[in-house]
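# Survey of secondary and tertiary structure
The primary structure of each chain is shown beneath.
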Amino acid sequence: MARRTALAMLAAALAAATAIPTASMAEVNFGKPGEKVDLVVGYQPYYTASWSGVVNNGKGFWKKRLPEGSTAQFQIGLQGAVIVNAMTGEKQHIGYAGDMPSIAATFRNLKDRGGTDIRIVAAIGTSEQQCNIFLVRNDAPDFANGQEAVKWMAGKQTSAPQGACADRFAREAFDQLGVKPASYLNQNVEVITTNFRAGKLDAAAAWEPTASKIEMTGIAKRVATGRDFQATDGAFLLMLGDLMKQRPDVVRGWLEAELDSELFMADMKNADEVARLAEAQTERMDRKILWTALYGATNQKDVGSTKLQFDFVITERVQKLLDDATAFLNTLPAKPAAEPKIRQGGVDDSIAKEVLAARGLTSPVGVIKAQPVAEFKD
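Residues numbered from 1 in each chain as written. Predicted model: local features only at pLDDT ≥ 70, side-chain atom pairs only at ≥ 80, totals over all residues. Heavy atoms only, no water.

### Section: the overall build of the protein
Just so we agree on the cut-off: Runs of H or I in DSSP of at least four residues are treated as helices and runs of E of at least two as strands, each being numbered from the N terminus. For the radius of gyration, the atom set is restricted to C-alpha positions; the globular benchmark scales as 2.2 Å times the number of residues to the power 0.38. Residue burial is assigned from relative accessible area. The probe radius is 1.4 Å, only protein chains are included, and a residue is buried under 20% of its type maximum, exposed over 50%, and partly exposed in between. Contact between two residues is taken to exist if any of their heavy atoms lie within 4.5 Å; hydrogens are not considered. Values of accessible area rely on a 1.4 Å probe in the Shrake-Rupley scheme; residue burial ignores everything except the protein chains shown. Charged-residue counts in this description rest on Lys and Arg as positive and Asp and Glu as negative, His and the chain ends being excluded. In plain terms, the charge of a residue is placed at NZ if it is Lys, CZ if Arg, CG if Asp and CD if Glu.
Within the protein, the regular secondary structure consists of 15 helices and 14 strands. By the compact-globule yardstick of 21 Å for 378 residues, the protein fits well, its C-alpha radius of gyration being 20 Å. For the protein, the C-alpha atoms occupy an extent of roughly 60 × 50 × 40 Å along the three principal directions. Of all 378 residues assigned to the protein, the portion counted as buried reaches 59%. Pairs at least 24 apart in sequence give 82% of the contacts found in the protein among residues at least 6 apart. When the accessible surface of the protein is summed, it comes to about 15,200 Å², and 51% of that surface belongs to carbon and sulfur atoms. Side-chain charges in the protein split into 44 positive and 44 negative, and the spacing between the mean points of these groups amounts to 2 Å.

Below, the structure written as structure tokens:
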């Protein structure tokens, strides 16, 4: 897989995120059931909760599950919003994204939001500490707990990549505690890293593995996660409605490969290989940092906590996450969610449920518990 430089990737992400594209009026033709299919997949190697896409790409599980001769082109997105925009323009057919962009995607069927039917078809991972992470400058005080850390952010310079899952967590944490920062800037993870180094930032919300990279390279320190607020974050698998209507065989095949990927990740015997797969699909990411983002804990209090749960289908717990997040997003001025609830049909895990039942499995299909960083083997 050809790699792009981080700078080129950042420029592409910023350009793609500036506007909602207009979808073509013609239905995308995915062929007839049983025929080979050519897919374009948006995925996020720089978002640990969605690494089932990294594993599926690296291990090639999809090749065994799709009709012979099929192809899948994996395209990197630095944020879920970039992938959702590409899907709105029908340039990508399957996407891996966090909860906030995934919810927003379900409203892209509206004419003023692109007019493209995009649906959530599976829950690929939920956690309280993948996208829900606060970092502060190194000379900030030592806090008794995460809530005290967030209270300290009142009147401070803060930021997050707005439109992403970390943005929702930051806003909800501020609202819950009545905290009003001096500024809450829209900054991507590259700019957040640069501004921490330059001393221009007091606090920021970010996701894994960038949060672990910032922490483990000594740029800033981790002070709060969703565990301090009982706040769940999640990653979801998105598909175009055209694909689901025309090719249920392809949808089923991809979900089979997705389940293969999640089961592979959940097995601690594969932890080192998963980190190596992520290393091969990212730039300037140390393998120990990547391992820690998914399997490790940088402090004793988090050892044994859930790093990632593989729900696969939309359980009551996952539905509550979607309902609560949608209602919250609908209250924001930009209204990432056009309505307080996701539209009928915007979430369709019917085939995922069939795949799970056929394997004799129940949700969750796996849980990763945080290990001491000392467990990492170079």
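Anyway, onward from the coordinates.
### A short note on the environment of alanine 275
Tracing the sequence through the fold places alanine 275 in helix 12 (residues 271-280). Sequence separation between alanine 275 and arginine 287 is twelve residues, and the spatial gap between their C-alpha atoms is 5.9 Å. Contact partners of alanine 275, with chain neighbours within four places excluded, come to Arg287, Leu290 and Trp291.

### Some details on the nonpolar core
Note the cut-off: Among buried residues, those of type Ala, Val, Leu, Ile, Met, Phe, Trp, Tyr and Cys that are joined through side-chain atoms within 4.5 Å constitute a nonpolar core.
In this structure, Leu39, Phe134, Met153, Leu237, Trp254 and Leu255 are the most contacted members of the largest nonpolar core, which totals 108 residues. In terms of residue count, the dominant contributor to this core is helix 11 (residues 248-266) (nine residues). Filtering out sequence-adjacent residues up to four positions away, leucine 39 remains in contact with Phe30, Leu66, Thr71, Ala72, Gln73, His93, Ile94, Leu243, Val250 and Trp254. Grouped together as the second largest cluster of nonpolar side chains are eleven residues, Leu201, Ala204, Ala206 and Ile214 included.

### What to know about the sheet that holds strand 8 (residues 203-206)
Definition in use: Should DSSP find at least two bridges between two strands, the strands are taken to pair. Each axis is a line fitted through C-alpha atoms, and for a helix only the stretch in contact is used; angles between axes span 0 to 180 degrees, taken between their N-to-C directions.
One open sheet accounts for five strands, arranged 7-6-8-5-9; its pairing is mixed. At either end of the open sheet lies a strand with only one pairing partner, and these are strand 7 (183-186) and strand 9 (221-225). Between one strand and the next, the sheet's axes are offset by a mean angle of 25°, whatever the strand orientation. Where strand 6 (residues 157-160) and strand 7 come together, four bridges link them in parallel fashion. Looking at strand 7, one finds that alanine 160 is bridged to asparagine 186. Contacting strand 5 (133-136), strand 6, strand 7, strand 8 and strand 9, helix 7 (residues 165-177) runs over the sheet at an angle of about 75° to strand 5.

### Examining the packing of helix 7 against helix 14 (residues 316-331)
Our working rule: Angles below 35 degrees are treated as roughly parallel, those above 145 as roughly antiparallel, those between 65 and 115 as roughly perpendicular, and all remaining angles as oblique. Lys, Arg, Asp and Glu make up the charged group, whereas Ala, Val, Leu, Ile, Met, Phe, Trp, Tyr, Cys and Pro make up the nonpolar group; the residues left over, Gly among them, are polar.
At a minimum axis separation of 11 Å, helix 7 and helix 14 run at an interaxial angle of 75°. By the angle between their axes, helix 7 is roughly perpendicular relative to helix 14. Contacts between helix 7 and helix 14 involve Arg168, Arg171, Glu172 and Asp175 on the former and, on the latter, Leu321, Ala325, Phe328 and Leu329. Of the residues assigned to the contact of helix 7 with helix 14, the class counts are four nonpolar, no polar and four charged.

### A short note on the packing of aromatic side chains
Cut-off, in case you're wondering: Here a pair means two rings of Phe, Tyr or Trp (six-membered ring of Trp) with centres within 6.5 Å. Their orientation is stacked below 30 degrees between planes, edge-to-face above 60, and tilted elsewhere. Charge-over-ring contacts are defined here by two conditions on Lys NZ or Arg CZ: a distance within 6 Å of the ring centre and an angle within 35 degrees of the ring normal.
The full count for this structure, using the stated rule, is eleven aromatic pairs. A centroid spacing of 5.9 Å and a plane angle of 35° characterise the contact between phenylalanine 74 and tryptophan 254, whose relative ring orientation is tilted. In this pair, phenylalanine 74 is assigned in strand 2 (residues 71-76) and tryptophan 254 in helix 11, connecting sequence segments 180 residues apart. Looking at phenylalanine 74, the relative accessible area reads 11%, which means it is buried. Assessed through its relative accessible area of 0%, tryptophan 254 is described here as buried. Above the face of the tryptophan 152 ring, lysine 156 is positioned so that its terminal group lies 4.6 Å from the ring centre.

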